[in-house]
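Coordinates in review
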Amino acid sequence: MLDVLRKYWRRQRLDVALTMLGLGIVLLVVVMAVAAPLLAPYNPVVSVDDSLLPPSPKHPMGTDSLGRDVYSRVLYGARIVLIVVLASTSVSLLVGSTLGLISGYFGGAVDRVLSVVMDSIYAFPGLILAIAVAAMLGPGVLNTVISISVVYIPTYFRMVRGHVLSVKGRLFVEAAKALGASDWTVMTRYVLPNVLVTIPVVFSMNVADAVLTEAALSFLGLGVPAPTPDWGFDLKNGQRNLLSGYWWPALWPGFFITLLALGFSLVGEGLNELVGGEA
Amino acid sequence: MASLRAYILARVLLTIPMVLILLTIVFFIMRVLPGNPVLAMVGMKASEEQIKMLERELGLDKPLWQQYLDYLWGLLHGDLGRSMIWGRRPVLQEIWDHFPATVELAVAGFTVSVLLGLVTGAVAAVKRGTLVDAALRVWGILAYALFIPLLGMFFQLVFGVWLHWFPVAGRKNPLIDVPRVTGFYIIDSILAGNPWGVADALWHLALPSLTLGIVLSGIYTRLVRTSMLQVLGEDFVRALRARGIPEDRILFGHVLKNAFIPVLTMMGLQFALLLAGAVLTETTFSWPGLGTFLVERIEYRDYTTVQGTIVFYALLVSTVSLVVDVVYAYIDPRIRY
């Protein structure tokens, strides 16, 4: 393992640097989220000073139109994004992979129906699907998680199903079956481990995408209700002031949305190179 | 030609279940998920009588299976119902009012993304392994991670608020009056022989299309680079070099042309992303297209219009993917087999 890493390092310095940068960004946001109460100088949901004060030592990112400290809101905003995004992509991963495994392994009519359904959802613009679900469910953390997870189930379904199909015909699976292993044993012991390798790559790319979808939903007013600090919502909320030249209440949270998405993308890219560009 | 016809027929037949499934999913989302549209519409204070009447009007008092059949039957006749607010216009008519704005933005954004992707990808391939290549690779990843409203607002701040070069909202100057024929301001202005109208429309289109185009260009940058490097390694390129053909002509005449085929495939796949990106671009720039319309009607809880617009998106995606596949089959015979 170490040898592989060393060889990889020698050949792909840029890849390693970018992966490290990505990990650093993700780590930074995780620290922001976890340590928000320690790092935030003010209460994020109450007015603490005059409105629209420019960035200063007292308010590192300025104050918003209601006199709230933007820096404190950005710190607490990291919590919502991470919770919603990791919860929804985990649900997609579990549901999508399970369905993909069953569908690919057993084949038949169930496989055909599931595949057509998943392909149809996959072809539909993800954000618009999430908007439709969120609009009917109404605002709230759990509802946002559901809306986003629906969008990404097909991603895992397709990946796992494809892998299962390619592994299914291989000799070691045939051998296990010939030795009398049950379907359950074959699936969990022989097929699944071979599929698991590519999941981290797809997962981190997927999280990057989900960060943007979560931000989009809250930007459109379909996410977590105010006054909870939320990057996408604060970006939208700050637009009116931005058009009068007060850019800080909008651009700071917006910057962190892109930074976090970039972080997860870089990690995904790096992992992809590491496993040999399979995904 | 017989095989092309067979392919088209098979592809059309494949579209039917896809459309049906999408329509069923939309029905499921709108009618089966929790959340009472009627109560949301008339408010909590409505009388029993009002609620009953509205439910009857929307057909919500019937059993679910019958609602489903009514819904499909209506769609088959091009009936998306009527809006619940302001003048109660047919939903389809309202959609057509807003659709041209989205098409205008999508076409412009798409053009920007492909041009930008071709240039950056080609440069990265030619300068392979240099600092420029590395920088463009990072750019490709960054462009994809850019949040559309953030980039849009950044442009609004710099080119609108600070420099006053471009307008930050809307599709046109209200003082320029061009009669509506197609709904596409650029085309309508040309039809009316009004060069100011064309200039004004393009001027308003600049920031939104640049925003959408930049975000979507990342994938093309990467794709063009990879496929150009692949083509550069092929035998025919070595043969051309051996014959002394100038490098410029090899690159732009032969390599870029061959490298373009995977880009063409990606364009079809990108359509869904283009539509989703347009929703965010429109809401950022108050662009009166389908996306702004959808979000606005969600706020007003105009239930039939929201359903109709989502159905319209579903039909649009299915149709475009059908057309794209058929066009590819026509261009590239290998796909048919």
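Residues numbered from 1 in each chain as written. Chains lettered and ligands numbered in written order. Predicted model: local features only at pLDDT ≥ 70, side-chain atom pairs only at ≥ 80, totals over all residues.

**Brief notes about the overall build of chain A**
- A tally of regular secondary structure across chain A gives 13 helices and zero strands.
- The order of α-helices and β-strands along chain A, N terminus first, is α-α-α-α-α-α-α-α-α-α-α-α-α.
- Overall, chain A is about 75 × 50 × 30 Å in size when its C-alpha atoms are taken along their principal axes.
- Per-residue burial for chain A yields a buried fraction of 50% across its 279 residues.
- Counted over contacts in chain A with a minimum sequence separation of 6, partners at least 24 positions apart contribute 69%. (Helix = DSSP H or I, 4+ residues; strand = E, 2+ residues; numbered from the N terminus. Buried ≥ 20, exposed ≤ 12 C-beta atoms within 10 Å, placed from the backbone. Contact = placed C-beta atoms within 7 Å.)

**Regarding the overall build of chain B**
- Across its full length, chain B holds 14 helices and zero strands.
- Secondary structure elements in chain B, listed N-terminal to C-terminal, are α-α-α-α-α-α-α-α-α-α-α-α-α-α.
- On the principal axes, the C-alpha backbone points of chain B span a range of 85 × 55 × 40 Å.

**Some words on the nonpolar core**
- Membership of the largest hydrophobic core comes to 153 residues, with the highest contact counts inside it found for A:Ile128, A:Ala132, A:Val211, A:Ala261 and B:Val26.
- When residues of this core are assigned to their parent elements, the largest contribution, 15 residues, is made by helix H4 (residues 70–106) of chain A.
- In contact with A:Ala132, not counting residues within four places along its chain, are B:Val26, B:Ile29 and B:Ile310.
- Residues B:Val178, B:Tyr185, B:Ile186 and B:Leu205 belong to the second largest nonpolar core, which totals five residues. (Core = buried A, V, L, I, M, F, W, Y, C linked by C-beta atoms within 7 Å.)

**Examining unusual backbone geometry**
- A cis amide bond links A:Ala226 to the next residue, A:Pro227, at an omega of 5°.
- Structurally, A:Pro227 is set in the loop between helix H10 (199–219) and helix H11 (231–237).
- The phi dihedral of A:Leu52 is positive, around 55°, even though this residue is not glycine.
- In this fold, A:Leu52 is placed in the loop between helix H3 (36–39) and H4.
- Under the C-beta neighbour-count criterion, A:Leu52 is labelled partly exposed, with 18 such atoms within 10 Å.
- Not every positive phi belongs to a glycine, and B:Arg301 is a case in point at roughly 55°.
- With respect to the helices, strands and loops of the structure, B:Arg301 is situated in the loop between helix H13 (290–299) and helix H14 (303–331).
- Residue class for B:Arg301 comes out partly exposed when judged on the 19 C-beta atoms lying within 10 Å of it.

**Notes on the interface of chain A and chain B**
- Counting from both sides, the interface comprises 40 residues of chain A and, opposite them, 39 residues of chain B.
- Among the elements that take part in the side of chain A that touches chain B, helix H13 (residues 248–274) of chain A stands out by supplying 11 residues, more than any other.
- Of the residues contributing to the side of chain A that touches chain B, the split by class is 31 nonpolar, eight polar and one charged. (Nonpolar A, V, L, I, M, F, W, Y, C, P; charged D, E, K, R; others polar.)

**Points about the packing of H4(A) against helix H7 (residues 141–168) of chain A**
Residue and element names in this part refer to chain A.
- It is at 5 Å that the axes of H4 and H7 come closest, and there the two elements cross at 35°. Relative to H7, the crossing made by H4 is right-handed.
- In terms of residue class, the contact of H4 with H7 is made up of 20 nonpolar, 11 polar and three charged. (Axes fitted to C-alpha atoms, helices over the stretch in contact; angles between N-to-C directions. Left-handed = near helix turned anticlockwise from the far one by under 90°.)

**A few points about helix H4 (residues 64–76) of chain B**
- Taking 1.5 Å of rise per residue, the 13 residues of H4(B) would be expected to cover 18 Å, and the 18 Å separating its terminal C-alpha atoms lies within 8% of that figure.
- Of the residues flanking the end of H4(B), it is B:Gly78, one or two places downstream, whose phi is positive at about 70°. (Expected span 1.5 Å × (residues − 1).)

**Observations concerning H4(A)**
Residue and element names in this part refer to chain A.
- A rise of 1.5 Å per residue sets the reference length of H4, with its 37 residues, at 54 Å; its end C-alpha atoms lie 53 Å apart and thus fit the reference within 8%.
- For H4, a buried count of 26 out of 37 residues is recorded, marking the element as mostly surrounded by other parts of the structure.
- Gly107 sits one or two residues past H4 and shows a positive phi near 65°.

**A short note on the packing of H7(A) against helix H9 (residues 183–196) of chain A**
All names here are of chain A.
- The interhelical angle for the contact between H7 and H9, taken along N-to-C directions, is 125°, at an axis separation of 9 Å. Viewed along their axes, H7 and H9 adopt a mutual orientation that is oblique. Like other packed secondary-structure pairs, H7 and H9 cross with a definite hand, here right-handed. The residues of H9 that touch H7, namely those facing Val160, His163, Val164, Val167 and Lys168, are Val191, Asn194 and Val195. (Parallel < 35°, antiparallel > 145°, perpendicular 65-115°, else oblique.)

**Some thoughts on the environment of A:Ala87**
- By the secondary structure assignment, A:Ala87 is in helix H4.
- Between the C-alpha atoms of A:Ala87 and A:Pro54, which are 33 residues apart in sequence, the distance is 35 Å.

**With respect to the confidence of the model for chain B**
Residues and elements named next belong to chain B.
- Chain-level statistics for chain B give a pLDDT mean of 88 and a share of 93% at 70 or above.
- Least confident of the elements in chain B is helix H2 (residues 37–42), whose mean pLDDT is 64; most confident is helix H7 (residues 148–162), at 97.
- With a pTM of 0.92, the predicted complex shows an ipTM of 0.92. (pLDDT = per-residue confidence, 0-100.)

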